[in-house]
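# Topology and contacts: notes
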Amino acid sequence: MRTGFSADGRRSVVVVANGTGSGEQLLAAERAVRGLVDRALCAGTQDIAGSRPSATLHNSR
């Protein structure tokens with residue numbers, strides 16, 4: 001389970017994933033989950049400088 005919150009606290013997301021695998025498969029799955037959290041929190045938002053706002057990812061296992 002991964003949870004994430006935007007820096008301003010206005011957005012939050014929970015992603016639950018399960019499966020079997022190891023090594024490169026596990027790393028690819030972790031990257032995919034992190035990408036989902038990032039897109040859910042940051043998609044379509046920009047700060048004044050034009051960069052995406054920061055997201056805080058929490059790893060809950």
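Whatever comes next refers back to the structure up there.
So, here is what we can say about the structure in this document.

All right, on to the pattern of salt bridges then. Here the structure, examined in full by the defined rule, presents three salt bridges. Ionic pairing is found between E24 and R31, a salt bridge with its closest N-O pair at 3.2 Å. Here R34 ties to E30 by a salt bridge, and the two come within 2.9 Å at their closest N and O atoms. Linking R34 with E30, this pair stays in helix α1 (residues 24-42), spanning four residues, or about one helical turn. Judged by relative accessible area, R34 falls into the partly exposed class, the value being 45%. Through salt bridges with shared partners, one network takes in R2, E30 and R34.

V13, V15, V33, V37, L41 and C42 form the largest nonpolar core, which has six residues in total. Elements supplying a minimum of two residues to this core: β2 (12-15) and α1. Per-element tally for this core: the top contributor is α1, with four residues. Setting aside chain neighbours within four positions, we find V13 in contact with R2, T3, G4, V37, A40 and L41.

Thresholds applied
- Residues numbered from 1 in each chain as written.
- Predicted model: local features only at pLDDT ≥ 70, side-chain atom pairs only at ≥ 80, totals over all residues.
- Heavy atoms only, no water.
- Salt bridge = Lys/Arg side-chain N within 4 Å of Asp/Glu carboxyl O.
- Helix = DSSP H or I, 4+ residues; strand = E, 2+ residues; numbered from the N terminus.
- Buried < 20%, exposed > 50% of the residue type's maximum accessible area, 1.4 Å probe, protein only.
- Core = buried A, V, L, I, M, F, W, Y, C linked by side-chain atoms within 4.5 Å.
- Contact = heavy atoms within 4.5 Å.

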